[in-house]
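Overview (structure and organization)
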Amino acid sequence: PRRALGPPVLGRALRVLVLDTGIVALSPDGKRAWERRGVATGGVTITSDDHVLVADGAKVIAIDPKGRTTELYSAPDAVFVTPPIVNASGLLFVASGQSLHALSFQ
């Protein structure tokens, strides 16, 4: 059986569950939108347009509402330990055990 590792991450049209086996995104009617195996080292957040941000190992990835992934950032010698957070000006913050990384995509 799968076990939730925390409360769901809520977006406008997605409900994301972080489980001990991976990540599952559900639509508002409860149907599975997509699933990703493996537990992220840093965690999961969601943007206002339902893109899920995942910090896993040395990478930050974005998963769109249909489940397509895009690598946003990679830090070869890092292991991210916090969820990626985007502030109001569009900076993405994520921390490893040694550093805080601030990324701008403009």
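Please refer to the structure higher up on the page.
The present account deals with the structure reproduced in this document. Bear in mind that the values here come from a model prediction, so they are computed numbers and not experimental data.

The subject of this paragraph is the overall build of the chain. Regarding its fold elements, the chain presents zero helices and eleven strands. The C-alpha radius of gyration computed for the chain amounts to 13 Å, which stays within 12% of the reference 13 Å derived for 106 residues, consistent with globular compactness. Across its three principal axes, the chain shows a C-alpha extent of roughly 40 × 30 × 20 Å. The buried share among the 106 residues of the chain stands at 39%. Considering only contacts within the chain whose residues lie at least 6 apart along the sequence, 27% involve residues at least 24 apart. With the model as given, the accessible surface of the chain reaches about 6,200 Å², and the carbon-plus-sulfur share is 54%. Computing the positive centroid from 11 side-chain charges and the negative centroid from 9, the chain places the two 7 Å apart.

What follows covers the nonpolar core. Of all hydrophobic cores here, the largest spans 14 residues; its most connected members are Leu14, Val16, Trp34, Val44, Val52 and Val54. Every element with two or more residues in this core is listed here: β2 (15–18), β3 (22–26), β5 (43–46), β6 (52–56) and β7 (59–63). Of all hydrophobic cores here, the second largest spans ten residues; its members include Leu53, Phe80, Leu92 and Val94.

So, on to the side chain of His101. Mapped onto the elements, His101 comes out in strand β11 (residues 100–103). For His101, the side chain forms a polar contact with the side chain of Tyr73, separated by 3.2 Å. Ignoring anything within four residues of it in the chain, the contact list for His101 reads Tyr73, Ala75, Ala78, Phe80, Leu92, Phe93, Val94 and Ser96.

What the rule picks out here adds up to one aromatic pair. Centroid distance Tyr73 to Phe80: 6.2 Å. Interplanar angle 40°. Geometry classified as tilted. Since its relative accessible area comes to 23%, Tyr73 is described here as partly exposed.

Here is what the cut-offs are and how they apply
Residues numbered from 1 in each chain as written. Predicted model: local features only at pLDDT ≥ 70, side-chain atom pairs only at ≥ 80, totals over all residues. Heavy atoms only, no water. Helix = DSSP H or I, 4+ residues; strand = E, 2+ residues; numbered from the N terminus. Rg over C-alpha atoms; globule rule 2.2 N^0.38 Å. Buried < 20%, exposed > 50% of the residue type's maximum accessible area, 1.4 Å probe, protein only. Contact = heavy atoms within 4.5 Å. Areas by Shrake-Rupley, 256 points an atom, 1.4 Å probe, with all protein chains shown as cover. Lys, Arg positive; Asp, Glu negative; His and termini not counted. Charge placed at Lys NZ, Arg CZ, Asp CG, Glu CD. Core = buried A, V, L, I, M, F, W, Y, C linked by side-chain atoms within 4.5 Å. Polar contact = N/O pair within 3.5 Å; in protein donor to acceptor, adjacent residues only side chain to side chain. Phe/Tyr/Trp six-rings, centres within 6.5 Å; stacked < 30°, edge-to-face > 60°.

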